Amino acid sequence: MSWGLDNRLSRIFQPSNGRTLMLAVDHGYFQGPTSGLEVPKDAITPLLPYADTLMVTRGVLRRCVDPNSKIPVVLRVSGGTSILKELSNEGLTTSIEDAIRLNVSGVAISIFVGSEYERQTLLNLSKLVDTCERYGIPVLAVTAVGRDMNRDARYLSLCCRIATEIGAHIVKTYYCENFDKIVKSSPVPIVIAGGKKIPEKAALDLAYNALRDGALGVDMGRNIFQSKYPVAMIRSVRAIVHENATSKEAFVLFNKLRRKEKDS
Ligand code: R5P
């Protein structure tokens, strides 16, 4: 570890409790103008005050996020494919120089274990870790498993452990039964994705259970920006991550805040 790397990690994970609420808004890199993010600036701006970190691509960062913002950025640097093609066929889309120029706190890349281009994506990760180690920039590996594989502890732990072994500094995965086994077998900070939009109470349960079972944070997108009440939702997730709220308490808060959001 180096001072620069530790310093950047401390911008992502709050030193007070070692946790993070990362707001994921990078979906457009392969989904285009996905629901809830059609106008990125309008979606992102009201949520920023409640996020610890923003996961975003360089294009949206440059055009839609105020450079005076103090938000630490985890920059999505893999891509090259779209929902119309084989998703695992990714390469690196952003140079290390541009990531440094954008003053990022970390970079993110997907790996697709069990998919057609598994090897390519794992070697992408390995190359990125080598490059980023030179500059003290943490690498977040986003895990995906093959289309015909369940997102269960068997496959997700395979994916997370491989990412850990290759040298990812943070691993992002999905919550599942026996999640604690994934955490124990992958000795790096684990954060969870929210996945497809589900009812707010279910998403709050997911966040609560993941943290209870050892995740150090959430990197949530659709369950925040696709909610009818995104500000109420991110503030409720925040209560779980940083105020030790139960999901039940967070849902009470959500209902209170959504009334205000509706009126405003
Ligand atoms: C992949 O599309 C991206 O890395 C997303 O940022 C990630 O899946 C997290 O977003 P969500 O909570 O919507 O699953």
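All of the points below concern the structure found in this document. (Residues numbered from 1 in each chain as written. Predicted model: local features only at pLDDT ≥ 70, side-chain atom pairs only at ≥ 80, totals over all residues. Heavy atoms only, no water.)

**Some words on the overall build of the chain**
Logical step 1: Across its full length, the chain holds 12 helices and 10 strands.
Logical step 2: Within the chain, the fraction of its 264 residues that count as buried is 52%.
Logical step 3: Considering only residue pairs separated by 6 or more positions, the chain has 68% of its internal contacts joining residues 24 or more positions apart.
Logical step 4: A total of about 12,400 Å² of accessible surface is found on the chain, and carbon and sulfur atoms cover 50% of it.
Logical step 5: Taking the average place of the 35 positive charges on the side chains of the chain and the average place of its 27 negative ones, the gap between the two points comes to 4 Å. (Helix = DSSP H or I, 4+ residues; strand = E, 2+ residues; numbered from the N terminus. Buried < 20%, exposed > 50% of the residue type's maximum accessible area, 1.4 Å probe, protein only. Contact = heavy atoms within 4.5 Å. Areas by Shrake-Rupley, 256 points an atom, 1.4 Å probe, with all protein chains shown as cover. Lys, Arg positive; Asp, Glu negative; His and termini not counted. Charge placed at Lys NZ, Arg CZ, Asp CG, Glu CD.)

**Things to note about the site of the ligand**
Logical step 1: In the neighbourhood of the ligand, 14 residues make up the surrounding shell, with Asp-26, His-27, Arg-76, Gly-221 and Arg-222 lying closest.
Logical step 2: Within the contact set of the ligand, an oxygen atom lies 2.8 Å away from a backbone nitrogen or oxygen of Gly-194.
Logical step 3: Within the backbone of Gly-195, one N or O atom sits 2.9 Å away from an oxygen atom of the ligand.
Logical step 4: Within the complex, 95% of the 360 Å² of free accessible area of the ligand lies under protein.
Logical step 5: For the shell around the ligand, the residue count by class is five nonpolar, four polar and five charged. (Near = heavy atom within 4 Å. Polar contact = N/O pair within 3.5 Å; in protein donor to acceptor, adjacent residues only side chain to side chain. Nonpolar A, V, L, I, M, F, W, Y, C, P; charged D, E, K, R; others polar.)

**Looking at the sheet that holds strand β7 (residues 139-145)**
Logical step 1: Taken together, the eight strands give a closed barrel; going around it, the order is β1-β2-β3-β6-β7-β8-β9-β10, and neighbouring strands pair in parallel fashion. If you compare each strand with its neighbour and ignore which way they point, the axes differ by 25° on average.
Logical step 2: The pairing of strand β6 (residues 106-113) with β7 spans seven bridges and is classified as parallel. Bridging across to β7, Ile-111 finds its partner in Thr-143.
Logical step 3: Strand contacts of helix α11 (residues 230-243): β1 (20-24) and β10 (217-220), with the helix running at about 150° to β1, the strand carrying the most contacts. (Pairing = 2+ DSSP bridges. Axes fitted to C-alpha atoms, helices over the stretch in contact; angles between N-to-C directions.)

**Points about the packing of α11 against helix α12 (residues 247-263)**
Geometry of a packed helix pair, given as the angle between the helix axes and the separation of the axes.
Logical step 1: It is the contact of α11 with α12, at a shortest axis distance of 8 Å, that shows an interaxial angle of 155°. Classed by the angle they form, the pair α11 and α12 counts as roughly antiparallel. Two packed elements cross with a definite hand, and for α11 against α12 that hand is right-handed. Two secondary-structure elements touch here, α11 through Pro-230, Val-231, Ala-232, Met-233, Arg-235, Ser-236, Ala-239 and Ile-240 and α12 through Ser-247, Ala-250, Leu-253, Phe-254, Leu-257, Arg-258 and Glu-261. (Parallel < 35°, antiparallel > 145°, perpendicular 65-115°, else oblique. Left-handed = near helix turned anticlockwise from the far one by under 90°.)

**Quick word on the nonpolar core**
Logical step 1: Core analysis: the biggest nonpolar cluster contains 75 residues, and Leu-54, Val-107 and Leu-125 have the highest contact counts within it.
Logical step 2: If you tally residues by element for this core, the top one is α11, at eight residues.
Logical step 3: Setting aside residues no more than four positions away along its own chain, Leu-125 makes contact with Ile-109, Ile-111, Val-139, Ala-141, Ala-163, Ile-166 and Ala-168.
Logical step 4: In terms of nonpolar packing, the next biggest core, distinct from the first, is built from 13 residues, Phe-13, Ala-24, Val-74 and Leu-140 among them. (Core = buried A, V, L, I, M, F, W, Y, C linked by side-chain atoms within 4.5 Å.)

**Description of the pairing of β10**
Logical step 1: Burial along β10 is two-sided: the residues Gly-217 and Asp-219 and Val-218 and Met-220 are all buried.
Logical step 2: The pairing of β1 with β10 spans four bridges and is parallel. Residue pairing across strands places Leu-23 opposite Met-220, the latter belonging to β10.
Logical step 3: Looking at chain direction, strand β9 (residues 190-193) and β10 are connected through three bridges and run parallel. Bridge pairing in β10 links Val-191 to Gly-217.

**Quick word on the packing of aromatic side chains**
Logical step 1: Counted by the stated rule, this structure contains four aromatic pairs.
Logical step 2: Between the aromatic rings of Phe-251 and Phe-254, the centroid separation amounts to 6.0 Å while the plane-to-plane angle is 10°, which identifies the pairing as stacked. Taken together, the residues span about one helical turn, with Phe-251 and Phe-254 both in helix α12 at a distance of three residues.
Logical step 3: When its relative accessible area of 3% is taken as the criterion, Phe-254 is described as buried.
Logical step 4: Each member of the aromatic cluster is reached from another via a ring pair, and the members are Tyr-229, Phe-251 and Phe-254. (Phe/Tyr/Trp six-rings, centres within 6.5 Å; stacked < 30°, edge-to-face > 60°.)

Worth remembering: the numbers are spatial, not functional.
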